[in-house]
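Each chain is listed here by its residues.
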Amino acid sequence: MYDHLHKEEFGYKKEDYKKVYLIFYNLFQCIGFIYILSVMGIRYYRDGSELTLYSLNAAENSGLLKQRCFPEDYRRDSKQCSRSCISIAIHTQSCALANASHHSTLWPGNSIRHTYEVVGNPMKFIQILQILEIMHLVFDYTRGNPLITTLQVGGRAFILFFMIEAEPRMQTKPVVFYIFIVWSVVEVIRYPYYMTNLLNVKISALTWLRYTIWMPLYPLGFVFEGIIVLRNIPYFEETEKFTIDLPNSWNFAFYFPTFLRIYLLMLCFPGMFAMMTHMNSARYKKLGKIKIKK
């Protein structure tokens, strides 16, 4: 009744402050992830995934690092390197070309290696803002499963701040590029879906994407996060960052690499199972059971 009288008197309906806030929050987050995805896409389109050959040749370079393009220069120098041995790593991130007087290494293109340097700060900012989504549930701004939301937001924050930000050597790994792609694609679909729901606009294609795109992307995200944790274990064993040794005033010891191994086990099995089960149940409620015609 009050809303009807307000609309007749002022010509518009007064919206709930919570609704307006949530619309702007989702809009801001959506723009943030679109920005990250756009910057990464433009840089990848411009620079590509071209591999660059860095060579160290005492005879030619006097001990200095010289950059060469691959494979053109390598083909041009193929006669000189005919007896060289090329070893390609499992992750295709590096390649060693060695002989008695020549040593070379392949690195991914700048668009991939410099991902964190370029979009790391925007990603950290919007990731910090995602903590508000837990508060939305606590203060009844939105409905959902607090445990699942906490696991998702907390898991991403752990990977971003403790695994990538805390270890500079991880920041140039290609897996950072891939995990940012997965996170961004998921969110540029999720936030518009929330906005349209708040505006009472139903877009069937967007709903289908919201409850379907997780099928390929969530497993990929778990794999990439697992790779980041696994690759970081030897780094933290070397630096002993976040490790607490005895003796100390608290009489407490904490070995961070061991925690990472336990976290990796929890991430790969219980965490992934909980998230996938939750999303599958939500998809069933929204889209219904898929009927297969015989």
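What counts, and where the lines are drawn
Residues numbered from 1 in each chain as written. Predicted model: local features only at pLDDT ≥ 70, side-chain atom pairs only at ≥ 80, totals over all residues. Heavy atoms only, no water. Helix = DSSP H or I, 4+ residues; strand = E, 2+ residues; numbered from the N terminus. Buried < 20%, exposed > 50% of the residue type's maximum accessible area, 1.4 Å probe, protein only. Contact = heavy atoms within 4.5 Å. Areas by Shrake-Rupley, 256 points an atom, 1.4 Å probe, with all protein chains shown as cover. Axes fitted to C-alpha atoms, helices over the stretch in contact; angles between N-to-C directions. Left-handed = near helix turned anticlockwise from the far one by under 90°. Core = buried A, V, L, I, M, F, W, Y, C linked by side-chain atoms within 4.5 Å. Salt bridge = Lys/Arg side-chain N within 4 Å of Asp/Glu carboxyl O. Phe/Tyr/Trp six-rings, centres within 6.5 Å; stacked < 30°, edge-to-face > 60°. Lys NZ or Arg CZ within 6 Å of the ring centre and 35° of its normal. Expected span 1.5 Å × (residues − 1). Bend = angle between axes of the 7 residues up to and from the residue.

**Some points on the overall build of the protein**
Phase 1 of the analysis: Of regular secondary structure, the protein possesses 12 helices and five strands.
Phase 2 of the analysis: For the protein, buried positions account for 39% of its 294 residues.
Phase 3 of the analysis: If you take every contact in the protein between residues at least 6 apart in sequence, the share linking residues at least 24 apart comes to 68%.
Phase 4 of the analysis: Surface summary for the protein: the accessible area is close to 18,200 Å², and the carbon and sulfur share equals 64%.

**Some details on the packing of helix α8 (residues 146–165) against helix α11 (residues 214–239)**
Phase 1 of the analysis: For the pair α8 and α11, interaxial distance at closest approach is 10 Å and the crossing angle is 35°. In this structure, the crossing between α8 and α11 has a hand that is left-handed. Seen from α8, the contacting residues are Q152, I159, F162, M163 and I164; seen from α11, they are Y218, E225, I228, V229, N232 and F236.

**With respect to the nonpolar core**
Phase 1 of the analysis: M123, I159, M163, I164, F180, I228 and L260 are the most contacted members of the largest nonpolar core, which totals 46 residues.
Phase 2 of the analysis: Those elements giving two or more residues to this core turn out to be α2 (17–47), α6 (115–129), α8, α9 (174–198), α11 and α12 (256–287).
Phase 3 of the analysis: Excluding its chain neighbours within four sequence positions, the residues that come into contact with I164 are Y116, I159, M170, Q171, V176, F180 and I228.
Phase 4 of the analysis: Counting residues in each nonpolar core, the second largest holds five residues, with I189, L206, Y211 and A282 among its members.

**Thoughts on the pattern of salt bridges**
Phase 1 of the analysis: Counting across every chain of the model gives eight salt bridges.
Phase 2 of the analysis: The residue E167 makes a salt bridge to R169 at a minimum N-O spacing of 2.9 Å.
Phase 3 of the analysis: The buried category is assigned to E167, whose relative accessible area is 3%.
Phase 4 of the analysis: Accessibility expressed as a relative area gives 30% for R169, which makes it partly exposed.
Phase 5 of the analysis: Here the salt bridges share partners, and the residues they tie into one network are E133, R156, E187 and R190.

**Some remarks on the packing of aromatic side chains**
Phase 1 of the analysis: With the rule as written, the count across this model stands at 24 aromatic pairs.
Phase 2 of the analysis: Seen from their ring centres, Y21 and Y141 are 5.9 Å apart, and the 85° between their planes marks the pair as edge-to-face. One end of the pair, Y21, is in helix α2; the other, Y141, is in the loop between α7 (132–138) and α8, with 120 residues separating them in the sequence.
Phase 3 of the analysis: Classification of Y21 by relative accessible area gives partly exposed; the value is 32%.
Phase 4 of the analysis: Residue classification places Y141 among the partly exposed positions, given a relative accessible area of 33%.
Phase 5 of the analysis: Arranged with centres 6.0 Å apart and planes meeting at 75°, the rings of F158 and F259 form a pair that is edge-to-face. Of the two residues, F158 is situated in helix α8 and F259 in helix α12; the sequence distance between them amounts to 101 residues.
Phase 6 of the analysis: Its relative accessible area of 31% is what places F259 among the partly exposed residues.
Phase 7 of the analysis: Pairwise contacts between aromatic rings join F158, F162, F236, F242, F254, F256, F259 and Y263 into one cluster.
Phase 8 of the analysis: Sitting over the face of the ring of Y191, R190 holds its NZ or CZ atom 4.5 Å from the ring centroid.

**Some points on α11**
Phase 1 of the analysis: A rise of 1.5 Å per residue sets the reference length of α11, with its 26 residues, at 38 Å; its end C-alpha atoms lie 36 Å apart and thus fit the reference within 8%.
Phase 2 of the analysis: Two residues or fewer past α11, E240 is found with a positive phi of approximately 60°.

**Some points on the environment of M272**
Phase 1 of the analysis: Here M272 is to be found in helix α12.
Phase 2 of the analysis: Sequence spacing of M272 and F222 is 50 residues, and the spatial spacing of their C-alpha atoms is 7.0 Å.

**Here's the deal with α12**
Phase 1 of the analysis: Of all bends in α12, the biggest is about 40°, found at L267, and the proline P270 comes one to four residues later.
Phase 2 of the analysis: Taken together, the buried positions of α12 are occupied by F256, P257, L260, Y263, L264, L267, M275, M279, A282 and R283.

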